[in-house]
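Residue-level structure breakdown
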Amino acid sequence: MILTVDIGNTRIKGAVFEGSTQIDTFFFTKNDFQKKIKNILKTHQKITHLVVASVGDVEKESFLEFKKELNVHFISHQDPFPFLNDYETPQTLGIDRMVLAAGATLQFPNQNRLVIDAGTCVTFDFIDDKNKYHGGAIAPGLRLRYESLHHFTAKLPLLTLENPKDLIGKSTSESIHSGVVNGLVYEIDGFIDEYRARYSNFIIILTGGDTDFLAKRLKNTIFANSNFLLESLNQTFQYKIKND
Ligand SMILES: Nc1ncnc2c1ncn2[C@@H]1O[C@H](COP(=O)(O)OP(=O)(O)O)[C@@H](O)[C@H]1O
Ligand SMILES: CC(C)(COP(=O)(O)O)[C@@H](O)C(=O)NCCC(=O)O
Ligand SMILES: [K+]
């Protein structure tokens, strides 16, 4: 059994896999994840490997204590990946984006794929049907948009995510909700339309913490799976075992 851990810039997520089946899912904070992982290891005594992908600011050293009982692996740019990386700065490409691209390549063979991860940032990643990773885009995520409107102005309040009543906001709060939510939805649909103008056929995977909120608002048909990064982490590690 494998425990996969995804350290993003907002949350730490974990999942236990038996083969390709996800049997448990967890959310951690920076302060409690060591204690929680210990409990998970007690519950699932067959866990032999801990596989971590991190773009957050958690120290690698905080996983050292698990090395006694487990095989601990941090996914890195040196691992084998099932695609050809055409990014001009491959060493600066987020390891989460590498893992998403690996998952898309392995789960959806022989087709063009666009992966959209709506987390702290919204990232776009495009992998073509010849398994070449092209690159994509990085934009602020939903919560980041609410926070930056508040942080960089004198008058705007900090609001939490809410469904906009209408396109036309009739108050400060309604205007912010429309600007943030409708804005991101139009942005994602706009990106998809532009990709479609270049590539007639591709599948779209939407993942990240805002998956469910966004999926039902997009006009494009997408494959929504908020677990895609954790699943892809498991697959990236299986791929490494076979190809190292
Ligand atoms: N419990 C939660 N805590 C924080 N953000 C959450 C939560 N549930 C959903 N979200 C949403 O998820 C987004 C963060 O997604 P996530 O995939 O966890 O980010 P990251 O991978 O960058 O840490 C935020 O924009 C927020 O709107
Ligand atoms: C773009 C990101 C900050 C996204 O992080 P997340 O929203 O998943 O927390 C992360 O993938 C990253 O640090 N990337 C490095 C730059 C790059 O991918 O080119
Ligand atoms: K992201």
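Scroll up to find the structure.
A few points on the structure. Remember, it's a predicted structure, so these values are computed and weren't measured experimentally.

Conventions used here
- Residues numbered from 1 in each chain as written.
- Chains lettered and ligands numbered in written order.
- Predicted model: local features only at pLDDT ≥ 70, side-chain atom pairs only at ≥ 80, totals over all residues.
- Heavy atoms only, no water.
- Phe/Tyr/Trp six-rings, centres within 6.5 Å; stacked < 30°, edge-to-face > 60°.
- Helix = DSSP H or I, 4+ residues; strand = E, 2+ residues; numbered from the N terminus.
- Buried < 20%, exposed > 50% of the residue type's maximum accessible area, 1.4 Å probe, protein only.
- Lys NZ or Arg CZ within 6 Å of the ring centre and 35° of its normal.
- Near = heavy atom within 4 Å.
- Polar contact = N/O pair within 3.5 Å; in protein donor to acceptor, adjacent residues only side chain to side chain.
- Areas by Shrake-Rupley, 256 points an atom, 1.4 Å probe, with all protein chains shown as cover.
- Nonpolar A, V, L, I, M, F, W, Y, C, P; charged D, E, K, R; others polar.
- Pairing = 2+ DSSP bridges.
- Salt bridge = Lys/Arg side-chain N within 4 Å of Asp/Glu carboxyl O.

1. Describing the packing of aromatic side chains
On inspection of all chains with the given rule, the structure shows 13 aromatic pairs. Between Tyr-87 and Tyr-133, the ring centres sit 6.0 Å apart and the planes meet at 65°, which makes this aromatic pair edge-to-face. In this pair, Tyr-87 sits in the loop between strand 6 (84–85) and helix 2 (95–107) while Tyr-133 sits in strand 9 (residues 132–140), placing the two residues 46 residues apart along the sequence. The class of Tyr-133 is buried, set by a relative accessible area of 0%. Linked through ring pairs, Phe-33, Phe-63, Phe-66 and Phe-74 together constitute an aromatic cluster. Residue placement shows Lys-60 over the ring face of Phe-74; its charged tip is 5.1 Å from the ring centre.

2. Examining the site of ligand 2
Contacts to ligand 2 come from 13 residues, most closely from Asn-9, Tyr-87, Gly-94, Asp-96 and Arg-97. Between an oxygen atom of ligand 2 and a side-chain N or O atom of Tyr-87, the distance comes to 2.6 Å. Burial of ligand 2 by the protein amounts to 80% of the accessible area it has alone, namely 470 Å². Grouping the constituent residues of the shell around ligand 2 by class yields five nonpolar, six polar and two charged.

3. Some words on the sheet that holds strand 7 (residues 113–118)
An order of 6-9-8-7-10-11 is seen for the six strands of this open sheet, with the pairing classed as mixed. Of all strands in the sheet, those with a lone pairing partner are strand 6 and strand 11 (223–224), marking the two edges. Of the strand pairs in this sheet, strand 6 and strand 9 are connected by two bridges, and their pairing is parallel. Note on strand 9: the bridge partner recorded for Leu-84 is Lys-132.

4. Observations concerning the site of ligand 1
If you check the shell around ligand 1, you find Gly-8, Asn-9, Thr-10, Arg-11, Lys-13, Gly-119, Thr-120, Arg-143, Gly-208, Gly-209 and Asp-210 and nothing else. For ligand 1, an oxygen atom lies 2.8 Å from a polar atom in the backbone of Thr-10. Contacts to ligand 1 include Arg-11, whose side-chain N or O atom sits 2.8 Å from an oxygen atom. Protein chains shield 72% of the accessible area of ligand 1, which is 570 Å² for the free molecule.

5. Comments concerning the pattern of salt bridges
If you walk through the whole model with that rule in mind, you get 13 salt bridges. The closest approach of N and O atoms between Lys-46 and Glu-18, which form a salt bridge, is 3.6 Å. Taken as a pair, Lys-46 in the loop between helix 1 (33–43) and strand 4 (49–54) and Glu-18 in strand 2 (residues 12–18) lie far apart in primary sequence, 28 residues in all. Asp-57 is the partner of Lys-30 in a salt bridge, and the nearest nitrogen-oxygen pair spans 2.9 Å. Of this pair, Lys-30 sits in the loop between strand 3 (21–28) and helix 1 while Asp-57 sits in the loop between strand 4 and strand 5 (71–74), placing them 27 residues apart in sequence. Exposure remark for Asp-57: the relative accessible area of 56% places this residue in the exposed category. Linked by salt bridges that have partners in common, Asp-79, Lys-240 and Asp-244 make up one network.

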